[in-house]
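Each chain, letter by letter, is given below.
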Amino acid sequence: MKPLEIKKGIYSVGVIDWNVRNFHGHTYTTKRGSTYNAYLIVDEKIALIDTVYGPFAGELIENIRAILPVEKIDYVIANHVETDHSGALPSIMKLAPKAKVFGTQKCKEGLYKHYFENWDFQVVKTCDTLKLGKRTLSFVEAPMIHWPDSMFTYCAEESLLMPNDAFGQHYATSERFDDEVDQCALMDEAAKYYANILWPLSSLISKKIEDVLKMKIKIDMIAPSHGIVWRKDPMKIVNAYVTWAKNQTTKKAVIAYETMWGSTEKMAKAIARGLSDSGVSVKLYRIPDSDTTEVIKDMLDAKGFIIGSSTHDNDMLNNIAGFLEAFKGMKPKNRSAAAFGSYGWSGGAVKEIEEVIKAAGVEFAQPSISVKYVPDESELKACYEFGVEFAKKIV
Ligand code: FEO
């Protein structure tokens, strides 16, 4: 990716990672790749906003050099410690050793614990500013959105918000702006990003968006640290975040299950028919044949979750246990859930699923349903009715 002037004198100098398919230690699949965005502001003082993932330091440096010598950078704004944004910082600081780094107190501590360097670091807080010349940067602390060190940087003269991970998407494209890409793919990636990274932090996000809107700052461009830049309609993603953060849902149910010999799957399909015939939009996923990142994304706007597993050694199947661990971490609010499964003799899977649902704080819509060995016609009818009943609870 060559540097692109996103506003007069402000350049996107980040990189595209076309081939990354797993993120965060295989907890997030990135089927469309990703980008690590960094921005260079050329004014009387030169400021670099964030860097990129370490292996791409050379590309970042090449991009900056296409505009000016790296040695000329006066300030590096470190909005976030995580290595996909700070990994190239040591390389930048080697070339511009006199540059001053700006970030939160937690950022200072976090960067030291990553790179063990004593760079000239200025701690900033919300409302602190940094004058570059014609432009002034303002900082807004955003703790736990999504790390303790996280911060947004705003440039009032350009109505430009650079919120690092917030409003981002893992979406590698040669196009750089929201109006240049497929809208469905864009919002799909934005929702997936929110669901898998930010969902558990929804109450903090609601509050932070409220606080920023109350500041009545003008925003006509949002330039996040992943994916495309929002220039045509930046409020589109802000409004989507408001909806997601409020845990607003639709009449939709996600069924996630694993089956040993097909009995639990027969139950899942009968439940799905009952839901669907009752006007509920249904998504049915067999775990682990499904991409968990996509399943979690599909849960973001679903009112109901129905989880099933066959019993093996008195337990739910391992794959469902792993999936539920991810599910529990999302801390979903305002949802209804139910459990189902087949067993041979003692059972156990359904009870274990119930325990995880309880631990996640999700309320039960109705008692669970279990079937011994293979469901017969009447038991499949009972599963269908289970779906019909569940539909009534999620209107
Ligand atoms: Fe994209 Fe929290 O790093």
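Residue positions are given per chain, counting from 1 as you read along its sequence in written order. Side-chain atom pairs in this predicted model are given and counted only at pLDDT of 80 or more, local residue features only at pLDDT of at least 70, and totals for whole chains, interfaces and linings cover all residues. Think of the side-chain values as coming from all heavy atoms in the structure, minus any hydrogens and water.

**Some words on the environment of V238**
Link 1 in the chain: Secondary structure elements follow DSSP: runs of H or I no shorter than four residues count as helices, runs of E no shorter than two count as strands, and numbering proceeds from the N terminus. With respect to the secondary-structure elements, V238 resides in helix α7 (residues 234-245).
Link 2 in the chain: Only protein chains enter the area calculation, which uses a 1.4 Å probe; residues under 20% of their type maximum are buried, those over 50% are exposed, and those in between are partly exposed. The class for V238 is buried, based on a relative accessible area of 6%.
Link 3 in the chain: With 72 residues separating them along the chain, V238 and A166 place their C-alpha atoms 9.6 Å apart.
Link 4 in the chain: The contact criterion used throughout is that any non-hydrogen atoms of two residues lie within 4.5 Å. Among residues more than four places away in sequence, those in contact with V238 are F167, I209 and I222.

**Focus on the pattern of salt bridges**
Link 1 in the chain: Each reported salt bridge corresponds to a side-chain nitrogen of Lys or Arg within 4 Å of a carboxyl oxygen of Asp or Glu. Under the criterion given, the structure shown has 24 salt bridges.
Link 2 in the chain: A salt bridge links K252 to D298, with the shortest nitrogen-to-oxygen separation between them at 2.7 Å. Note that K252 is positioned in strand β17 (residues 250-258) and D298 in helix α9 (residues 292-299), a separation of 46 residues in sequence.
Link 3 in the chain: Accessibility expressed as a relative area gives 6% for D298, which makes it buried.

**Points about the sheet that holds strand β7 (residues 39-42)**
Link 1 in the chain: The strand order across the open sheet formed by seven strands is β1-β2-β7-β8-β9-β10-β11, and the pairing between neighbours is mixed. Only two strands of the sheet have a single neighbouring strand rather than two, namely β1 (4-7) and β11 (121-123). Looking at each pair of strands side by side, their axes are set apart by 25° on average, direction ignored.
Link 2 in the chain: DSSP calls a pair of strands paired once it identifies at least 2 bridges connecting them. Summarising the sheet, β7 and strand β8 (residues 46-49) pair through four bridges and their orientation is antiparallel. Each bridged residue has a counterpart across the sheet, and for I41 the counterpart in β8 is A47.
Link 3 in the chain: Under this scheme, a helix contributes an axis fitted over its contacting stretch, all axes are lines through C-alpha atoms, and angles between N-to-C directions fall in the 0 to 180 degree range. Sheet strands touched by helix α4 (residues 105-115): β10 (100-103) and β11. Its angle to β11, the strand with the most contacts, is close to 145°.

**Details of the packing of helix α6 (residues 202-214) against α7**
Link 1 in the chain: Running from amino to carboxyl end, α6 crosses α7 at an angle of 140°, the nearest separation of the two axes being 9 Å. Compared by their axis directions, α6 and α7 come out oblique. α7 is crossed by α6, and the crossing has left-handed handedness. Residue-level inspection shows S202, I205, S206, I209 and L213 of α6 in contact with α7, the latter providing M235, V238, Y241, V242, W244 and A245.
Link 2 in the chain: Note on residue classes: Ala, Val, Leu, Ile, Met, Phe, Trp, Tyr, Cys and Pro are nonpolar, Asp, Glu, Lys and Arg are charged, and everything else, Gly too, is polar. When the residues that make up the contact of α6 with α7 are grouped by side-chain class, the tally is nine nonpolar, two polar and no charged. Oblique is the label for any angle not covered by the other classes, which are roughly parallel (under 35 degrees), roughly antiparallel (over 145) and roughly perpendicular (65 to 115). Two helices crossing with the near one rotated counterclockwise from the far one by less than a right angle form a left-handed crossing, whereas a clockwise rotation gives a right-handed crossing.

**Brief notes about the nonpolar core**
Link 1 in the chain: To define a nonpolar core, start from buried Ala, Val, Leu, Ile, Met, Phe, Trp, Tyr and Cys residues and group those joined through side-chain atoms within 4.5 Å. In terms of nonpolar packing, the biggest core is built from 94 residues, with I64, I73, I237, Y241, W244, I307 and F323 touching the most fellow members.
Link 2 in the chain: The greatest single-element share of this core, amounting to ten residues, is contributed by helix α5 (residues 183-198).
Link 3 in the chain: In this entry, domain limits derive from an automatic or database-based domain assignment. Both domains that meet at this core, namely domain 1 (4-245) and domain 2 (253-393), each give it at least three residues.
Link 4 in the chain: Apart from residues no more than four positions distant in its own chain, I307 is found in contact with A256, M299, I320, F323, L324, A338, A339, F340, I353 and I357.
Link 5 in the chain: Y39, I41, C155 and L160 belong to the second-largest nonpolar core, a separate cluster that totals 22 residues.

**Observations concerning the domain arrangement of the protein chain**
Link 1 in the chain: Each assigned domain of the protein chain is listed with its residue range as follows: domain 1 (4-245) and domain 2 (253-393).
Link 2 in the chain: Once you take the C-alpha centre of each, domain 1 and domain 2 turn out to be 38 Å apart.
Link 3 in the chain: Facing the 13 residues of domain 1 at the interface are 14 residues of domain 2.
Link 4 in the chain: Buried area, as used here, totals the accessible surface that two parts lose on assembly, with accessibility defined by a 1.4 Å probe and the loss added over both. Both faces combined, the contact of domain 1 with domain 2 buries some 1,100 Å², and carbon together with sulfur accounts for 63% of it.
Link 5 in the chain: The largest share of the area that domain 1 buries against domain 2 comes from N196, W199 and P200, three residues that together contribute 52% of it.
Link 6 in the chain: Counting across the domain 1 and domain 2 interface gives three salt bridges.
Link 7 in the chain: Across the salt bridge formed by E294 and K192, the nearest N and O atoms sit 3.0 Å from each other.
Link 8 in the chain: At the level of elements, β5 (28-29) and α5 are the ones that each hand at least two residues to the side of domain 1 that touches domain 2.
Link 9 in the chain: Top element by residues in the side of domain 1 that touches domain 2 is α5. It accounts for six residues.
Link 10 in the chain: Class assignment of the residues belonging to the side of domain 1 that touches domain 2 gives a composition of seven nonpolar, three polar and three charged.

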